[in-house]
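Coordinate inspection notes
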Amino acid sequence: MKRPTLEAVAVRAGVSRATASRVVNGRPTVAPHIRDAVLRAVQELGYVPNSAARSLVTQRTGSVALVVSEPPTRVFSEDPLFSTVIRSASVELEAADKQVILMLVSSSRSHTRVERYVAGGHVDGVMLISMHGADALPAALSRLRVPVVSYGRPAVPVDLPYVDNDNVGGAEAAVRHLLASGRRRIATIAGPQDMIGGQDRLAGYRNVLNGSDRRSIVAVGDFTRESGAVAMRQLLGDDPALDAVFVANDLMAIGALQSLRQAGRRVPDDVAVVGFDDIEAARFTEPALTTVRHPIPEQAAAMVRLLLDLLDGHPGTPVILPTELIIRDSA
């Protein structure tokens, strides 16, 4: 069967082709009764708009790039952050009738590929996830005059709208909780220092200890479980008398729990442990992990809304979401 055309829709509705086009493309300058007639004709004929032709009219592709600056082995690993952000953002974009294009960036060649794809007009906007300090992509994309938003405050000095959570305040709440419980030698396993999340959570830890008589005891991981285990062993070697540790994400905290168990340290009797993120696995560790809840789905949804506002011509202002200390058995 021949595919129904826009001309056939216009004839069925008794309007001009231009009027039918305005209705199909969502233009508001059409009387309600005429809009109803055109939409009824669309349904009766089974008309499906030609996406290429529609893009020429609207100057929109209906697609958004979700760019993750991590290798596939990191994105599709045990870390639930990436899958949660991708899923939550995709749901919000689908509700807005937008197509999601996932692009992974882990090399200079993939940087060039993303820049070329965006510059070619294949997407209406870009969402950036997991940006590192040395990453040149945010600045490169910001020069292309395409709406760009970031999941997390960019680590480089570039003027991009972003959505983040209160990393500093969440870390401060965690360390204050450990102090209030009588812990005296409080260490931290910080996240990577080329990422804002790692920097801010370490800053929150230090802010609280600087106002007390406790000294900072720091090891650095890379947000993976293995790095948390290694960092915990390092901390125990550096200060065997430590009695608490604030860990900059839950995966590293799970690794830290494993190292403490192997070292014969009881949690929380000998060493209290607090994580950050409140991933699902935090409820099922032994003991259950006290942690700072980071609203990952809400942050992803807010990032999409911010991008949609930019696409509609509204100014983009940073959004900071609150965190919440969730007290369980580990501290």
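Here the structure is a predicted model, which means the values were calculated and not measured.

Reading guide: rules and limits
Counting starts from 1 at the beginning of each chain's written sequence and moves along it residue by residue. This being a predicted model, a pLDDT of at least 70 is required before a residue's local features are given, and a value of 80 or more before pairs of side-chain atoms are given or counted; all residues contribute to the totals for chains, interfaces and linings. The basis for the side-chain values is all heavy atoms of the structure; hydrogens and waters are excluded. Strand pairing requires that DSSP identify at least two bridges connecting the strands. Secondary structure elements follow DSSP: runs of H or I no shorter than four residues count as helices, runs of E no shorter than two count as strands, and numbering proceeds from the N terminus. For helices, the axis comes from a line fit to the C-alpha atoms of the stretch in contact; other axes are also lines fit to C-alpha atoms, and the angle between any two N-to-C directions lies between 0 and 180 degrees. Only heavy atoms enter the contact rule, under which two residues are in contact if any of them lie within 4.5 Å. Cavity and pocket criteria rest on a 1 Å grid covering protein atoms alone: a 1.4 Å probe that fits but cannot get out defines a cavity, protein on both sides within 12 Å along at least 5 of 7 lines defines an open pocket, and an atom within 4 Å of a point defines a lining residue. Grid points are joined across faces, edges and corners, and a volume is the space filled by probe spheres set on the points. Helix span, as expected, comes to 1.5 Å for every residue beyond the first. A 1.4 Å probe rolled over the protein chains alone gives each residue an accessible area, and that area as a share of the maximum for its type sets the label: buried under 20%, exposed over 50%, partly exposed in between. Any carboxyl oxygen of Asp or Glu that lies within 4 Å of a side-chain nitrogen of Lys or Arg is treated as forming a salt bridge with it. Each angle receives one of four descriptions, namely roughly parallel if under 35 degrees, roughly antiparallel if over 145, roughly perpendicular if within 65 to 115, and oblique otherwise. Each helix crossing is assigned a hand: it is left-handed if the near helix lies turned anticlockwise from the far helix by less than a right angle, otherwise right-handed if that turn is clockwise. Think of it as three bins: nonpolar holds Ala, Val, Leu, Ile, Met, Phe, Trp, Tyr, Cys and Pro, charged holds Asp, Glu, Lys and Arg, and polar takes everything else, Gly as well.

Section: the sheet that holds strand S2 (residues 99–104)
In spatial order, the strands read S2-S1-S3-S4-S5-S11; together these six strands make up an open sheet with parallel pairing. Both edges of this open sheet fall to S2 and strand S11 (319–321), since each of them pairs with a single strand only. For this sheet, the mean inter-axis angle between neighbouring strands, taken without regard to orientation, is 20 degrees. Bridge analysis of strand S4 (residues 148–151) against strand S5 (residues 162–165) gives two bridges, and the strand direction is parallel. When the sheet's bridge partners are listed, tyrosine 151 is paired in S5 with valine 163. Each of strand S1 (63–68), S2, strand S3 (125–129) and S4 touches helix H6 (residues 80–95); the most contacted strand, S3, lies at about 160 degrees to it. Relative to the sheet, helix H7 (residues 108–119) contacts S1, S2 and S3, its axis offset from that of S2 by approximately 155 degrees.

Some points on empty space enclosed by the protein
To find leftover empty space, a probe the size of one water molecule is rolled over the atoms. For the structure shown, the criterion picks out one cavity of 30 Å³ or more. Forming the boundary of the largest cavity are 26 residues, of which Leu81, Tyr151, Met195, Gly197 and Phe223 lie nearest the centre. Of all elements in the fold, only H6, S4, S5 and helix H10 (196–210) reach the threshold of two or more residues within the lining of the largest cavity. If you tally residues by element for the lining of the largest cavity, the top one is H10, at three residues.

A few points about helix H12 (residues 250–262)
Taking 1.5 Å as the rise per residue, H12 with 13 residues should run 18 Å; its terminal C-alpha atoms sit 18 Å apart, in good agreement. Looking only at H12, the buried set comprises Asp250, Leu251, Met252, Ala253, Ile254, Gly255, Ala256, Leu257, Ser259 and Leu260. Looking at the buried positions of H12, the neighbouring elements they touch are H6, strand S6 (186–190), helix H11 (225–238), strand S8 (244–247), strand S9 (272–277) and strand S10 (290–293). Count one or two residues on from H12 and you reach glycine 264, which has phi positive near 80 degrees.

Side note on the pattern of salt bridges
A complete count under the given rule lists 12 salt bridges for this structure. With its nearest N and O atoms 2.9 Å apart, the salt bridge here joins aspartate 239 to arginine 185. Of this pair, aspartate 239 sits in the loop between H11 and S8 while arginine 185 sits in the loop between helix H9 (167–180) and S6, and the two are 54 residues apart along the sequence. What makes arginine 185 partly exposed here is its relative accessible area of 34%. Residues glutamate 280 and arginine 283 are paired through a salt bridge, measuring 3.7 Å at the closest nitrogen-oxygen approach. Take arginine 283: its relative accessible area is 45%, and that puts it in the partly exposed class. Sharing partners across several salt bridges, the network here consists of Asp278, Arg293, Glu324 and Arg328.

Digging into unusual backbone geometry
Cis geometry marks the peptide bond from valine 267 to proline 268, where omega comes out at 5 degrees. With respect to the element layout, proline 268 can be found in the loop between H12 and S9. The step from glutamate 286 to proline 287 runs through a cis peptide bond, and the omega angle for that step is 0 degrees. With respect to the secondary-structure elements, proline 287 resides in the loop between S9 and S10. A positive phi angle, close to 65 degrees, is found at serine 130, a residue other than glycine. Turning to its location among the elements, serine 130 is positioned in the loop between S3 and helix H8 (137–142). Phi is positive for aspartate 277, close to 125 degrees, though the residue is something other than glycine.

Considerations on the environment of glycine 133
On the secondary structure map, glycine 133 appears in the loop between S3 and H8. The exposure class assigned to glycine 133 is partly exposed, which follows from its relative accessible area of 25%. Between the alpha carbons of glycine 133 and leucine 289 there is a distance of 30 Å; along the sequence they are 156 residues apart. Excluding residues that lie within four positions of it along the chain, glycine 133 makes contacts with Ala155, Val156 and Asp194.

Topic: the sheet that holds S6
Here six strands make up an open sheet; going across it, the order is S7-S6-S8-S9-S10-S12 and the pairing mixed. Among the strands making up the open sheet, the edge pair consists of strand S7 (217–220) and strand S12 (324–326). Across the sheet, the axes of successive neighbouring strands diverge by a mean angle of 20 degrees, strand direction being ignored. Note: S9 against S10, four bridges, orientation parallel. In the strand pairing of S10, valine 274 is matched with threonine 290. Packed on one face of the sheet, H12 meets S6, S8, S9 and S10 and runs near 160 degrees to S9.

Looking at the packing of H9 against H10
At a minimum axis distance of 7 Å, the contact between H9 and H10 shows a crossing angle of 40 degrees. If you check the angle between H9 and H10, you find them oblique. In this structure, the crossing between H9 and H10 has a hand that is right-handed. Within the contact between the two elements, H9 uses Asn167, Val168, Ala171, Glu172, Val175, Arg176 and Leu179 and H10 uses Gly197, Asp200, Arg201, Gly204, Tyr205, Asn207, Val208 and Leu209. A class-by-class count of the residues in the contact of H9 with H10 yields seven nonpolar, four polar and four charged.

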